[in-house]
Amino acid sequence: MRIAIIDDSMARASIIEEGLAAVAGCEISVISGRDRLLSRIAEISPDIVLMNLGNPSRDELEEYFTVSRALARPIAMFVDESDDESIAASIDAGVSAYVVDGLSANRIKPLLDLAVRRFNAFSRLQSDLAEAQGKLAERETIDRAKRILMDSKGVTEPEAYGELRRKAMSSSKRIVDIAEAVVTAHELMGE
């Protein structure tokens, strides 16, 4: 497992490294400074990112939130102080764990596990949502094609669906592909 630690303080970064000693087989990279941060993280291609920010300004927090939005990886962020607005912004930015005043070596491994589990759970939810939205869009296309067939041929809904289904089977395509062709043809004909 490749882990990137982002921290301007080598002393604080060493606390995280000490906590990661319990994680077998991990490759640790420490990044200090904010210049070219996203490209430096991309070069490392970490499996997880641990950001220790100390007491960041609003601008620094927003910059790190921009980085976390761009990464599709578990991110744990450590800060010394926080407020409700910063916590909400971190969640919106995709931070998996936002830890206030909790930097100690013995807490690193459990927080790492939490960040990974929370990221995976959120990824599953996003995947399920995308799948559901895709199925809904397909269903809407099929319904639209059925309406077109019903109006143009004067058939019932089951008959329109039967026609779509027969055509899909005879051409070895999915029903939604046939429905999209019906909708496109209808649009081209300007009806």
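Criteria and thresholds
- Residues numbered from 1 in each chain as written.
- Predicted model: local features only at pLDDT ≥ 70, side-chain atom pairs only at ≥ 80, totals over all residues.
- Heavy atoms only, no water.
- Axes fitted to C-alpha atoms, helices over the stretch in contact; angles between N-to-C directions.
- Helix = DSSP H or I, 4+ residues; strand = E, 2+ residues; numbered from the N terminus.
- Parallel < 35°, antiparallel > 145°, perpendicular 65-115°, else oblique.
- Left-handed = near helix turned anticlockwise from the far one by under 90°.
- Contact = heavy atoms within 4.5 Å.
- Nonpolar A, V, L, I, M, F, W, Y, C, P; charged D, E, K, R; others polar.
- pLDDT = per-residue confidence, 0-100.
- Core = buried A, V, L, I, M, F, W, Y, C linked by side-chain atoms within 4.5 Å.
- Buried < 20%, exposed > 50% of the residue type's maximum accessible area, 1.4 Å probe, protein only.

Novice: Can you break down the packing of helix H6 (residues 157-170) against helix H7 (residues 175-189) residue by residue, with the values?
Specialist: Close contact between H6 and H7 brings their axes to 8 Å; oriented N to C, the two are set at 110°. The angle between H6 and H7 places the two elements in the roughly perpendicular class. The handedness of the crossing between H6 and H7 comes out as right-handed. Across the interface between the two elements, Tyr 161, Leu 164, Arg 165, Lys 167 and Ala 168 from H6 touch Ile 175, Ile 178, Ala 179 and Val 182 from H7. Of the residues belonging to the contact of H6 with H7, the class tally is seven nonpolar, no polar and two charged.

Novice: Describe the packing of helix H1 (residues 10-19) against helix H5 (residues 105-153), with residues and values.
Specialist: At a closest axis distance of 7 Å, the pairing of H1 and H5 adopts a crossing angle of 65°. For the pair H1 and H5, the sense of crossing is right-handed. Between H1, through Ile 15, Ile 16, Glu 18 and Gly 19, and H5, the contact on the second element is made entirely by Ala 105, Ile 108 and Lys 109. By residue class, the composition of the contact of H1 with H5 is four nonpolar, one polar and two charged.

Novice: Explain the side chain of Lys 146 to me, using residue names and the numbers behind them.
Specialist: Residue placement: Lys 146 occurs in helix H5. Setting aside anything within four residues of it in sequence, one finds Lys 146 in contact with Arg 139, Glu 157, Ala 160, Tyr 161 and Leu 164.

Novice: Describe the confidence of the model for the protein chain, naming the residues involved and giving the relevant values.
Specialist: For the protein chain, mean pLDDT is 86; residues scoring 70 or higher make up 99% of the total. The least confident element of the protein chain, judged by mean pLDDT, is helix H3 (residues 58-70) at 76; the most confident is H6 at 96.

Novice: Account for the nonpolar core, with residues named and values stated.
Specialist: In terms of nonpolar packing, the biggest core is built from 20 residues, with Ile 6, Ile 41, Val 49, Met 51 and Met 77 touching the most fellow members. Those elements giving two or more residues to this core turn out to be strand S1 (2-6), helix H2 (37-44), strand S3 (48-54), H3 and strand S4 (75-79). Of the residues forming this core, the biggest block, four residues, is contributed by H3. Ile 41 has contacts with Ile 6, Ile 31, Pro 46, Val 49, Val 67 and Leu 71, leaving out every residue within four places of it along the chain.

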